[in-house]
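Listed below are the residues making up each chain.
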Amino acid sequence: MAKKLFVRTWGCQMNVYDSQRMADVLAPLGYETVDAPDAADMVILNTCHIREKASEKLFSELGRLRPLQTEKAQAGGRMILAVAGCVAQAEGAEIRARAPFVDMVFGPQTYHQLPEMVARAARAAGEPIVNTDFPVENKFDLLPETTAAGGPSAFLSVQEGCDKFCTFCVVPYTRGAEYSRPAAQVLSEARRLVAGGAVEITLLGQNVNAWHGDAPAGGTWGLGRLIRALAEVPGLARIRYTTSHPRDMDDDLIAAHAEVPQLMPFVHLPVQSGSDRILAAMNRKHRADDYRRIVDRLRAARADLALSGDFIVGFPGETDADFEATLRLVRDVQHASAYSFKYSARPGTPASGLGDQVPEAVMAARLETLQALLIEQQTAFNAAMVGRTVPVLFDRRGRRAGQLLGKSPWMQSVHADAPARLSGTIADVRIEAAGPNSLTGRIVTGAFASGADAAALGVPA
Ligand code: 5AD
Ligand code: SF4
């Protein structure tokens, strides 16, 4: 009988990808993924450590799971409870101490060893397994092939870890050193994803544009070259990549935006701050004007390219003038969307030891000001779509019956009335209304197999 596996994921898209791969590793052992933890044979909590309250969320979730684990034991079964991801990597010992009923603690680089960990857990109930090494073997060489049933929009991890050591960031410590998967491995995974129904692939990496993998015929490729090779995979209509670092935005990648139609005109390019003083203290290794220049070059390559970014307010020592510089940068660049955060001192990072921490109330006020500006720009960007016709990849059901929800090339959510069979396809949609977070429109193309569908939607023949 199949065993039930429940995986809960926090954090970035790479964690979403990792969770999927954990399910791939466990499938041959008879585990099937379920969507609730009740009566599960194994529960994996895949955690994120990037900002505050990560471990609090974990411990409260563990508190909720404990009774389910006990219930299962009383019924004569066993629920293996595992904590994975970056909190596991950073706080393995604390998890063991505070939650001794956890059976396994493992970091992002060891989940290919799950079968062995499960076997050990089965033999030694009550003896927690902690596996937070950075093993010499690479997990990507040892993971089974992906199950490739991931829907129209798929993630593909190509690069992992980070050697940049921004002074606020835990990633270099939790994910380890930078690693690029070989091009051939990436291309074959992409082909499998497309064979399984993917129309869009987002290449993932903490520093994805630092990717420099072994080329299939020897030598090394950069990300731009990899994207050109992916563009030849039949059926792959859209290519994206995230998250990038400004320092690694090289000429070839910028040129790919001009030359590869499948490469979507939307780049997530974190900048964190618009102040050179703060950028230096963050060890970002570039100035605000370098970022402006890169944005100009990207837009010169592709005029309709839109940008998103990440921002941190209240980095230690940030003054009103530094913050004003960030607002200026945002106005100059006109980000179409963005994530912005209050600085959070992360244990073990260089910035956590800095004096001159910015008071909470100041951080809160700056965040509010920045977010108001970003939302204003995002709303204006969305409003400018009204009246335009844009290709939308429908990848899920909409709010109402008879509606589908999809993504524009610029990552905007688009609602439209559409028959369910258009799910997983790209159709042209004329945008009729826009809000700060989504667009609504009407399908206008010959994406219809039959005139009946078009008639049902009120589309003129
Ligand atoms: N405090 C606040 N935000 C952070 N980020 C990373 N580390 C911290 C931190 N210590 C943000 C950055 C990064 C995004 C993934 O999370 O903006 O780009
Ligand atoms: Fe963290 Fe900086 Fe590396 Fe991004 S580039 S993962 S912010 S250290």
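**A word on the site of ligand 1**
Step number 1: Ligand 1 sits among Ile-50, Arg-51, Phe-168, Gln-272, Asp-310, Ile-312, Phe-341, Lys-342, Tyr-343, Ser-344 and Arg-346.
Step number 2: Here Asp-310 contributes a side-chain N or O atom positioned 2.6 Å from an oxygen atom of ligand 1.
Step number 3: Note that a nitrogen atom of ligand 1 is positioned 2.8 Å from one of the backbone N or O atoms of Ser-344.
Step number 4: The protein chains hide 88% of the 400 Å² of surface that ligand 1 would expose on its own.
Step number 5: Where the shell around ligand 1 is concerned, the elements lending two or more residues are β15 (306–313) and β16 (337–342).

**With respect to the nonpolar core**
Step number 1: Core analysis: the largest hydrophobic core is formed by 54 residues, its most contacted members being Ile-201, Leu-203, Leu-223, Leu-226, Ile-227, Tyr-241 and Met-249.
Step number 2: Element by element, the count of residues in this core is highest for helix α7 (residues 183–195), at six residues.
Step number 3: Those residues in contact with Ile-201 that sit more than four places away from it in its chain are Ala-154, Leu-156, Ala-190, Leu-193, Val-194, Leu-236, Arg-238, Ile-239 and Arg-240.
Step number 4: Grouped together as the second largest cluster of nonpolar side chains are 25 residues, Leu-5, Met-22, Met-117 and Val-118 included.

**Brief notes about the sheet that holds strand β3 (residues 42–47)**
Step number 1: Overall, parallel pairing links the six strands, which are arranged β2-β1-β3-β4-β5-β6 in an open sheet. Looking at the sheet topology across the chains shown, the edges are occupied by β2 (31–33) and β6 (129–131). The average angle at which neighbouring strand axes cross in this sheet is 20 degrees, direction not considered.
Step number 2: Sheet topology note: the strand β4 (residues 80–84)/strand β5 (residues 104–106) ladder contains three bridges and is parallel. Following the sheet pairing, Val-83 is matched in β5 by Val-105.
Step number 3: Seen against the sheet, helix α1 (residues 13–26) touches β1 (3–9), β2, β3, β4 and β5 and runs at an angle of roughly 155 degrees to β3.
Step number 4: Helix α2 (residues 54–74) contacts β1, β3 and β4 of the sheet and is inclined by roughly 180 degrees relative to β3.

**Comments concerning the pairing of β15**
Step number 1: Most of β15 sits inside the fold, with eight of its eight residues counted as buried.
Step number 2: Burial of the side chains of β15 extends over both faces: Ala-306, Ser-308, Asp-310 and Ile-312 are buried on one face and Leu-307, Gly-309, Phe-311 and Val-313 on the other.
Step number 3: Sheet analysis places β15 next to β16, joined by six bridges and oriented parallel. What sits directly across from Asp-310, in β16, is Tyr-339.

**Focus: the packing of α2 against helix α3 (residues 85–98)**
Packed helix pairs are characterised by how far apart their axes lie and by the angle those axes make with each other.
Step number 1: At a minimum axis separation of 11 Å, α2 and α3 run at an interaxial angle of 45 degrees. Taken as axis vectors, α2 and α3 run oblique relative to one another. For the pair α2 and α3, the crossing hand works out as right-handed. Of the residues in α3, those in contact with Ala-54, Ser-55, Glu-56, Leu-58 and Phe-59 of α2 are Val-87, Glu-91, Glu-94, Ile-95 and Arg-98.
Step number 2: A class-by-class count of the residues in the contact of α2 with α3 yields five nonpolar, one polar and four charged.

**A short note on the sheet that holds strand β10 (residues 200–204)**
Where strands meet in a sheet, backbone hydrogen bonds hold them as pairs that are either parallel or antiparallel.
Step number 1: In space, the three strands of this open sheet follow the order β7-β10-β13, with parallel pairing throughout. Edge strands, defined here as strands with exactly one partner in the open sheet, are β7 (153–157) and β13 (238–242). Each neighbouring strand pair of the sheet contributes to a mean axis angle of 25 degrees, computed without reference to strand direction.
Step number 2: Where α1 meets the sheet, its contacts fall on β7, β10 and β13, and the angle it forms with β7 comes to roughly 90 degrees.

**A short note on the confidence of the model for the protein chain**
Step number 1: Chain-level pLDDT for the protein chain is 92 on average; 95% of the residues reach the 70-or-more range.
Step number 2: Within the model, pLDDT remains below 50 along residues 447–452, and this stretch shows eleven contacts once partners closer than five positions in the same chain are excluded.

**A short note on α7**
Step number 1: Between its terminal C-alpha atoms α7 stretches 18 Å, which fits the 18 Å expected from 13 residues at 1.5 Å a residue.
Step number 2: Within α7, burial applies to Ala-183, Gln-185, Val-186, Leu-187, Glu-189, Ala-190, Leu-193 and Val-194.
Step number 3: Once α7 finishes, Gly-197 follows within two positions and takes phi at roughly 110 degrees, a positive value.

**Some words on the pattern of salt bridges**
Step number 1: Evaluated as defined, the whole model comprises 29 salt bridges.
Step number 2: Note that Asp-252 and Arg-228 form a salt bridge whose closest N and O atoms lie 2.8 Å from each other. Within this pair, whereas Asp-252 is found in helix α9 (residues 251–259), its partner Arg-228 is found in helix α8 (residues 223–230), the two being separated by 24 residues in sequence.
Step number 3: We note a salt bridge from Arg-292 to Asp-332, for which the minimum N-O separation is 2.7 Å. Placement of Arg-292 in helix α11 (residues 288–301) and of Asp-332 in helix α12 (residues 320–333) is noted, with a sequence separation of 40 residues between them.

About the cut-offs
- Sequence order as written defines residue numbering, which begins from 1 separately in each chain.
- For this description, chains carry letters from A and ligands carry numbers from 1, given in the order in which they are written.
- Owing to the predicted nature of the model, reporting of local features is limited to residues with pLDDT of at least 70; listing and counting of side-chain atom pairs is limited to 80 or more, with chain, interface and lining totals taken over all residues.
- Hydrogens and waters are ignored; side-chain quantities use all the structure's heavy atoms.
- Note on terminology: near, applied to a residue and a molecule or strand, indicates that one of the residue's heavy atoms is within 4 Å of it.
- Here a polar contact means two N or O atoms within 3.5 Å. Within protein one must be a hydrogen donor candidate and the other an acceptor candidate, and residues neighboring in sequence count only if both atoms are side-chain atoms.
- Method for areas: the Shrake-Rupley scheme with a 1.4 Å probe, in which residue coverage is limited to the protein chains shown.
- Put simply, DSSP H or I for four residues or longer makes a helix, DSSP E for two residues or longer makes a strand, and each gets a number counted from the N terminus.
- The term nonpolar core refers to a set of buried residues drawn from Ala, Val, Leu, Ile, Met, Phe, Trp, Tyr and Cys, joined through side-chain atoms within 4.5 Å.
- In this scheme, a residue with accessible area under 20% of its type's maximum is buried, one over 50% is exposed, and one in between is partly exposed, where area comes from a 1.4 Å probe on protein chains only.
- We call two residues in contact when some of their heavy atoms are within 4.5 Å.
- Any two strands with at least two DSSP-identified bridges between them are counted as paired.
- The axes used here are C-alpha line fits, helices contributing only the stretch in contact, and every angle between their N-to-C directions lies in the interval 0 to 180 degrees.
- The scheme is simple: roughly parallel for angles under 35 degrees, roughly antiparallel for over 145, roughly perpendicular for 65 to 115, oblique for anything else.
- Crossings are classed by handedness, with left-handed meaning an anticlockwise turn of the near helix from the far one by less than a right angle and right-handed meaning a clockwise turn.
- Three residue categories are used. Nonpolar comprises Ala, Val, Leu, Ile, Met, Phe, Trp, Tyr, Cys and Pro, charged comprises Asp, Glu, Lys and Arg, and polar comprises the others, including Gly.
- Residue-level confidence of the predictor is what pLDDT reports, using numbers from 0 through 100.
- To estimate how far a helix should reach, multiply one less than its number of residues by 1.5 Å.
- Salt bridge, as applied in this entry: a Lys or Arg side-chain nitrogen positioned within 4 Å of an Asp or Glu carboxyl oxygen.

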